[in-house]
Amino acid sequence: MSEKKRILTGDRTTGKLHLGHYVGSLQNRVKLQDEYESFILLADIQALTTHFEHPELLEHSIYEVAMDNLSVGLDPNKITLVQQSRIPSIGELTVFYSMLVSVNSLRHNPTIKTEAANYGYNDMTYGFLGYPVSQSADITFCKANLVPVGEDQKPHMEMTRKIVRRFNELYGETLVEPDMMLSDCPRLMGLDGNAKMGKSLGNAIYLSDPAEEVRKKVMSAVTDASRIKKDDPGHPDICVVSKYHKVFNGGEYENICESCKKGAIGCVACKKALAASLNDLLEPFREKRAYYEAHRDEVRDIILTGSEKANKIGNETVKEVKEAMHIYIGD
């Protein structure tokens, strides 16, 4: 194993990534890629848990998510980009781990309950109910030391740690128990004021959105409904645009808030300033993405090379697991 500690993180391949992904995880990945050996998972199997009826989206989304990761500054020479479904060891480990997890513990997982409610799943598929077990396999196939997570993913990480401890108690010290790297990044709300920016909610700015599309979306964002005239005193603490300024235009945030409270700046001018800041951030991403869009074979090679490397590691992990369980009889 590398002298550097190993990180496992990734994204479901259900479409292009947006600013919420950038703030919540992508910008952190770029910072960590020099300090840690980073595995970035293109989670196409997990995407099937909610998109199994729309397979036409998957191949396209694998490339979209890969290009979004590369466009923000992840270096393919420093990170390992892995297509989940190309790693058979993840499937094998999922089966082994499922013996160590009760159905009740999955049904009472708060993240599972929340996501099932969001998708309107009254009768969950086996794959959806058990995807935290698959996530445990994602993390442990490469013996990741650290997993960056937000608050909503903590229950999954606790399950992974329990599975590892249980396996090691039964079969001997074989698996690495990963630590959580809790994110201190702000959660970006949707342009409509929804608590979450989401692909399915229609309230997101995508990393690949053209400049004019960004401006159009920002101009539609929810602001202080009590402000009727331009010089009416505003309430930035309840304004979505203000919250975006805090994240993306921090140096001007205090001045913008004071001007808003005094009625010295109107919502239109405030939105235009935000759109300019966002486009300054996104323009280098768009340029790099344009390169990869014109060189899709290069993206494919990055994914295949990373997956091949991951496969070798995963196969060795499965061999060790089977030996520990006394079901490996050699090749």
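Scroll up a little and you will see the structure.
The structure reproduced in this document is the subject of the present report. These figures come from a predicted structure and were not determined experimentally.

### Some points on the overall build of the protein
When helices and strands are counted, the protein shows 14 helices and 5 strands. Here the C-alpha atoms of the protein give a radius of gyration of 22 Å, agreeing with the 20 Å that 2.2 N^0.38 yields for 331 residues. C-alpha extents for the protein along the principal axes are approximately 80 × 45 × 40 Å. The 331 residues of the protein split such that 49% are buried. Considering only intrachain contacts with a sequence separation of at least 6, the fraction spanning at least 24 residues in the protein is 76%.

### Some thoughts on the pairing of strand β1 (residues 6-12)
With 5 of 7 residues buried, β1 is to be regarded as a mostly interior element. Pairing analysis gives 7 bridges linking β1 to strand β2 (residues 37-43), with the strands arranged parallel. Bridging across to β2, D11 finds its partner in L42.

### Considerations on the nonpolar core
One finds L19, L81, I205, L207, Y244 and L278 to be the most contacted residues of the largest nonpolar core, which totals 46 residues. Not counting residues within four places of it along the chain, the set of residues in contact with I205 comprises H18, L19, L191, M197, V214, K217, V218, L278 and L282. Ranked by size, the runner-up nonpolar core spans 37 residues in total, among them I90, F96, L175 and V321.

### Overview of the pairing of strand β3 (residues 79-83)
The side chains of a regular strand alternate between the sheet's two faces. Of all 5 residues that make up β3, 5 are buried, and the element is covered over most of its length. Burial along β3 is two-sided: the face carrying I79, L81 and Q83 and the face carrying T80 and V82 are both buried. Where β2 and β3 come together, 5 bridges link them in parallel fashion. In the strand pairing of β3, F39 is matched with T80.

Rules and cut-offs
Residues numbered from 1 in each chain as written. Predicted model: local features only at pLDDT ≥ 70, side-chain atom pairs only at ≥ 80, totals over all residues. Heavy atoms only, no water. Helix = DSSP H or I, 4+ residues; strand = E, 2+ residues; numbered from the N terminus. Rg over C-alpha atoms; globule rule 2.2 N^0.38 Å. Buried < 20%, exposed > 50% of the residue type's maximum accessible area, 1.4 Å probe, protein only. Contact = heavy atoms within 4.5 Å. Pairing = 2+ DSSP bridges. Core = buried A, V, L, I, M, F, W, Y, C linked by side-chain atoms within 4.5 Å.

Keep in mind that these numbers describe shape and distance, not what the molecule does.
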